[in-house]
Amino acid sequence: MKVNNFGLFFVLLNFCVIIGKRDIKATNGSQWRQLHPQGQQVGIVNRNPARQSKPRRPLSPAKVPNMNADEGTATFLDSYIGIDETETSYNILPGRQGRCKANGMIMYDKAVWSPKPCLTCLCSNGKVICDEMSCPILKCARTRIPTGECCPICTSIELNDPSETYHPVIPGNQDTQIIQEELRRDNNKLEEEFHRKDEVKKRKLEEKKHNDEEEQMELGRSYHREKTIEEEDLQKLQAEDQEHLHEVVQGSKENGENQQLENEMTNHSKTIQEKEEEDNNYDGYVEYVEYTDLYDEEKEQQVKEQEEQQVKEQEEQQVKEQEEEDLQVKVQEEEEEEKGEKEKKEMEEQFEVHKGEEVMEKEKVMEEVAEEEVDEAEKQNEKQEETQEEAEEKEIAEDEENGSADVFELSLFPSIFESILVQSGEEPPRFSLPVGCETTDITINCNNAKLTQIPPLSDLELTNLYLAGNRITTIPAGAFNGFPNLKLIDLSRNKILSSNIDPTAFKGLKKLERLYMDQNLLIHIPPQLPRKLVELKVNDNLLQRLDEEAFQGLSKLVNLELEGNKLSESNVQPLVFRPLKRLAYLRMGNNKFRTLPQGLPTSIEELYLEDNEIEEISDVSLNKTTNLNVMVLRNNKLDETRIAPFAWIKLKNLEYLDLSHNKIIHVPSLLPKGLLYLILVHNQIERIPGFVFAHMEPGLEILYLSFNKLTSDGIDPVSFFGTYNTMRELFLDHNMLKKIPIGIAEMKALHFLRLNDNLIRNVPPESICIMDDQDDSKIRTLHLDNNYINTRRIPPTAFCCIEKYSSVILTPQKVKK
């Protein structure tokens, strides 16, 4: 009996192992075909431009407000959640005081707004408080909400009443022919005008489309190859598993359990085959849609090329002349910039490190001389942009007054409008939402509705359109003509190709402010984006280059996110950010940069370049970013020898610097003068030089040095000089310290101190508290656990200045070596 029981247990164990292998293979295959978002919290550091002249506020606990990606307001705790914590999160970003973030926009303190007609919100000390109007309970069978009202009313109208749904006005039978002829004439005239204006731009974009299509075809071929290899591996594993199960079944015939094992084996193989068939059917359908679209586009391009051969000869000369003029202007600008940079380098080499302030004053004079020449060309471009914007605003105002906008939008939909003109006696057609979509007064939400194209709806009052998580592959011309007043479009998590976006797809959206296109298959930025765009997100795509014309005309753009692409200093042009005069927030993490991007605008305030391959920071890299306030460079390959001495010296407004997870050995010198937060965890730091923080004003407040190689000899008695009145949080845990560093007892504003997981063996009498000082310490949490301290030998006055002994954490301790 024991032998039989052991055989049965061995069979069941092998069966569980086989099922686990199948699940792992299936998940690996599905993860290769999908792109996953990377949720990251966005931190905004409070800035106080007049902090040197105004008195500082009293020190408060280390709570830092943070704007989360889910548009709610969170609050960081005091860096210590409790005594039983095992790990500490060092990803702390402070936020602006009293401001709130709602629907992607930053609201000032005490600001009041109405996101919906029946909802009123207030920004109070960084938190959003909303009040919604309550409606009475109705006892009638059917209700409706009138336009402009909040609460429903009783009605006797049926649900399919045409008065409650949108339908266009249908003219009578006598005037239908006249109206049709007039509309067709107007359509012909408008089409001719648009055709003339767009022919030149289409020719330039056709070459880019051809290159993009070839790249997409190569990606598809590589995908097929890897898929066939995975299928062959699955078949081999399946055959091996079946043979193994057959052998086990034959060995267990004596116990009468053969039939049960065979049934489990057949059911398991059936489930695996069904899953593989479902995956293959879905993938085949998606690939079929992508390749059919590419085939249709090739046919259309061949027809267009045959029609435009006659016109190309005449217009090529004009295009060449324009390109020659542009090249001459670019060459002149580059020469002027090179001259200015050479002069700056010569001036910087003449002075020593301790004369940094004198160098700054002289460089300012040189910069003004070099920038005057560049500003003249920029002013001309700005004047042209202003004139274009004024003309567009006048057109919008005239359209709204004369009502011509409606005629224009309907004329661009001739096929839909002609289908609406029906004979008398027939019921008028109705526009209905696709299955899975929801609508409110100003919003249509079609997220995860399994759509394959943008629905051809029409609503002049609509401002928000959500189409995320669908299977949309193309954006044709006129796709948004039914929504002329859109302010937000969310097209993230689809399968849109750059070659499938018509150049005029976004041209008519003159009020669009926010465009989200994360997790698609884009190779370059969509062309002809609206000039009023404020926020653009193209994260987790296949961007391979940024040309100088990528952001042309987007002078009002404030927020730009380009994370998770294939960008580097070789395929990002130095002048690509030049049109972005108001850019304040830039995310370019998880790319392939080895140096900082060139040509960053002066208006930028927050720069995120984490998860790259950055090895060097030169003197010129951050030369013009004088307004920079937050800079994140974690998870790169930096060391202090590759950081130029004057790299940070001009960044007077920089308050937050994250250099964690790099290869730094010594704390960098000549850090920004106004720095408040310095994150250096997970490096190889062995030494903190003396007076390294002495030049800072008012002084460093938060210093994280956890998980490094610090020793007691690597900390000088004056290493923390300059931080005695401002330091609030000091993390020195997980190092190799044998004693408590000198200078901690003099830190009057210290709230949180971590010295756990070191090699400390004793606590001297005045290492934490000074006997002659009658004031109580502000320390709220002191970690000394996981060291080699004999708690019975601690002097009774070692912690006399701490109000609560529960704030001191001494256990557990390691066993003595």
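Residues numbered from 1 in each chain as written. Predicted model: local features only at pLDDT ≥ 70, side-chain atom pairs only at ≥ 80, totals over all residues. Heavy atoms only, no water.

Some thoughts on the overall build of the protein
Where we set the bar: The numbering of helices and of strands both runs from the N terminus, where a helix is a DSSP run of H or I of at least 4 residues and a strand a run of E of at least 2. Only protein chains enter the area calculation, which uses a 1.4 Å probe; residues under 20% of their type maximum are buried, those over 50% are exposed, and those in between are partly exposed. Note on contacts: a residue pair qualifies if any of its non-hydrogen atoms lie within 4.5 Å across the two residues.
Helix and strand content of the protein: 6 helices and 26 strands. Here the protein holds 817 residues, and the buried ones make up 41% of them. Pairs at least 24 residues apart make up 60% of the contacts formed inside the protein by residues separated by at least 6 positions.

Points about the packing of aromatic side chains
Quick reminder of the rule: Pairing of aromatic rings covers Phe, Tyr and Trp, the last counted by its six-membered ring, and requires centre-to-centre distances within 6.5 Å; plane angles under 30 degrees mean stacked, over 60 mean edge-to-face, and any other angle means tilted. Any Lys NZ or Arg CZ that is within 6 Å of a ring centre and within 35 degrees of that ring's normal is treated as a charge sitting over the ring.
Applying the stated criterion across every chain, the model contains 7 aromatic pairs. Between Tyr 704 and Phe 731 the ring centres are 4.3 Å apart and the planes differ by 15 degrees, which places this aromatic pair in the stacked class. Linking Tyr 704 in strand β22 (residues 702-704) with Phe 731 in strand β23 (residues 729-731), this pair joins segments that are 27 residues apart in sequence. Residues Phe 721 and Tyr 724 carry aromatic rings whose centres are separated by 6.2 Å and whose planes lie at 85 degrees to one another, so their mutual orientation is edge-to-face. A cation over a ring is seen here: Arg 587 above Tyr 608, with NZ or CZ 4.3 Å from the ring centre. For the cation-ring pair, Arg 761 lies above Tyr 788, with the distance from its terminal atom to the ring centre recorded as 5.0 Å.

Details of the state of the cysteines
Cut-off, in case you're wondering: In this description, the term disulfide denotes a pair of cysteine sulfurs within 2.5 Å.
Under the criterion given, the structure shown has 4 disulfides. Here Cys 100 pairs with Cys 123 through a disulfide, and the sulfurs are 2.2 Å apart. Disulfide Cys 100-Cys 123: the torsion about the S-S bond is 85 degrees, which places it as right-handed. With Cys 100 in strand β3 (residues 100-102) and Cys 123 in strand β6 (residues 119-124), this pair connects stretches of sequence that are 23 residues apart. Cys 123 matches Cys 100 in its accessibility class, with the two residues each being buried.

Digging into the sheet that holds strand β5 (residues 112-116)
Each strand in a sheet pairs with its neighbour through backbone hydrogen bonds, running either in the same direction (parallel) or in the opposite one (antiparallel). Keep this limit in mind: Strands were regarded as paired on the criterion that DSSP finds at least two bridges between them. To define axes, lines are fitted to C-alpha atoms, for helices over the stretch in contact only, and angles between the resulting N-to-C directions are given on a 0 to 180 degree scale.
Reading across the sheet, the 3 strands line up as β5-β6-β7 and stay open at both edges, with antiparallel pairing between neighbours. Taken across any chain shown, the strands that pair with only one partner, and hence form the sheet edges, are β5 and β7 (127-132). This sheet shows a mean twist of 30 degrees between the axes of neighbouring strands, independent of strand direction. For β5 and β6, the ladder comprises 3 bridges, and the chain directions are antiparallel. In the strand pairing of β6, Lys 116 is matched with Leu 119.

Describing the nonpolar core
The line we're drawing: We call a set of buried Ala, Val, Leu, Ile, Met, Phe, Trp, Tyr and Cys residues a nonpolar core when their side-chain atoms join them within 4.5 Å.
One finds Ile 475, Phe 480, Phe 551, Trp 648, Phe 693 and Phe 799 to be the most contacted residues of the largest nonpolar core, which totals 112 residues. Non-local contacts of Ile 475, meaning those with residues more than four positions away in its chain, are made with Ile 454, Phe 480, Leu 491, Ile 496, Asn 500, Ile 501, Asp 502, Ala 505, Phe 506 and Met 517.

Concerning the pattern of salt bridges
Our working rule: Salt bridges are identified by distance alone: a Lys or Arg side-chain nitrogen within 4 Å of an Asp or Glu carboxyl oxygen.
Summed over the entire model, instances satisfying the criterion amount to 11 salt bridges. Across the pair Glu 701 and Arg 728 runs a salt bridge, and its minimum N-O distance is 3.2 Å. Of this pair, Glu 701 sits in the loop between β21 (677-679) and β22 while Arg 728 sits in the loop between β22 and β23, placing them 27 residues apart in sequence. The pair Glu 701 / Arg 728 is uniform in exposure class, with both members buried. Between Arg 754 and Asp 733 there is a salt bridge, with the nearest N and O atoms lying 3.8 Å from each other.

Considerations on unusual backbone geometry
The linkage connecting Glu 697 with the following residue, Pro 698, adopts the cis geometry, with an omega of 0 degrees. Note that Pro 698 resides in the loop between β21 and β22. The omega torsion across Thr 811 and Pro 812 is 0 degrees, close enough to zero to call that bond cis. Position of Pro 812 relative to the elements: it lies in the segment after β26 (808-809).

As for the side chain of Ser 767
Short version of the rule: As used in this structure description, the phrase polar contact means that two N or O atoms lie within 3.5 Å; if the pair is within protein, one of them must be able to donate a hydrogen and the other to accept it, and residues adjacent in sequence are counted only when both atoms belong to side chains.
Topologically, Ser 767 is positioned in the loop between β24 (752-754) and β25 (781-783). A polar contact is formed between the side chain of Ser 767 and the backbone oxygen of Pro 764, at a distance of 3.0 Å. Non-local contacts of Ser 767, meaning those with residues more than four positions away in its chain, are made with Ile 740, Ile 744 and Ala 745.

What about the confidence of the model for the protein?
To be explicit about the condition: The predictor's confidence in any single residue is recorded as pLDDT, a number from 0 to 100.
When the pLDDT values of the protein are averaged, the result is 75; 66% of them are 70 or greater. Contacts of residues 157-174 to residues separated by more than four positions or lying in other chains number 21 contacts, the stretch itself having pLDDT below 50. Below pLDDT 50 for its whole length, residues 402-430 participates in 34 contacts with residues either more than four positions away or in separate chains.

Notes on the side chain of Ser 621
Counting through the fold element by element, Ser 621 comes out in the loop between β18 (606-608) and β19 (630-632). At a separation of 2.7 Å, a polar atom in the side chain of Ser 621 contacts the side chain of Ser 618.

Looking at the environment of Asn 629
With respect to the helices, strands and loops of the structure, Asn 629 is situated in the loop between β18 and β19. Side-chain polar atoms of Asn 629 contact the backbone oxygen of Asn 653, separated by 3.0 Å.

Notes on the pairing of β6
Sheet topology places β6 next to β7; 6 bridges connect them, and they run antiparallel. If you follow Cys 121 over to β7, its bridge partner there is Cys 130. Where β6 hands over to β7, the hairpin turn is made up of 2 residues, of which Asn 125 adopts a positive phi near 55 degrees.

Considerations on the environment of Ile 145
In this fold, Ile 145 is placed in the loop between β8 (143-144) and β9 (153-154). On the basis of relative accessibility, which here comes to 54%, the residue Ile 145 falls in the exposed class. Sequence separation of Ile 145 and Thr 155 is 10 residues, and the distance between their C-alpha atoms is 9.7 Å. In this view, Ile 145 contacts Cys 150, Cys 151 and Pro 152; residues no more than four positions away in its chain are not counted.

Comments concerning the environment of Cys 437
With respect to the helices, strands and loops of the structure, Cys 437 is situated in the loop between α6 (414-420) and β10 (438-439). Placed 11 residues apart in sequence, Cys 437 and Asn 448 show a C-alpha to C-alpha distance of 8.8 Å.

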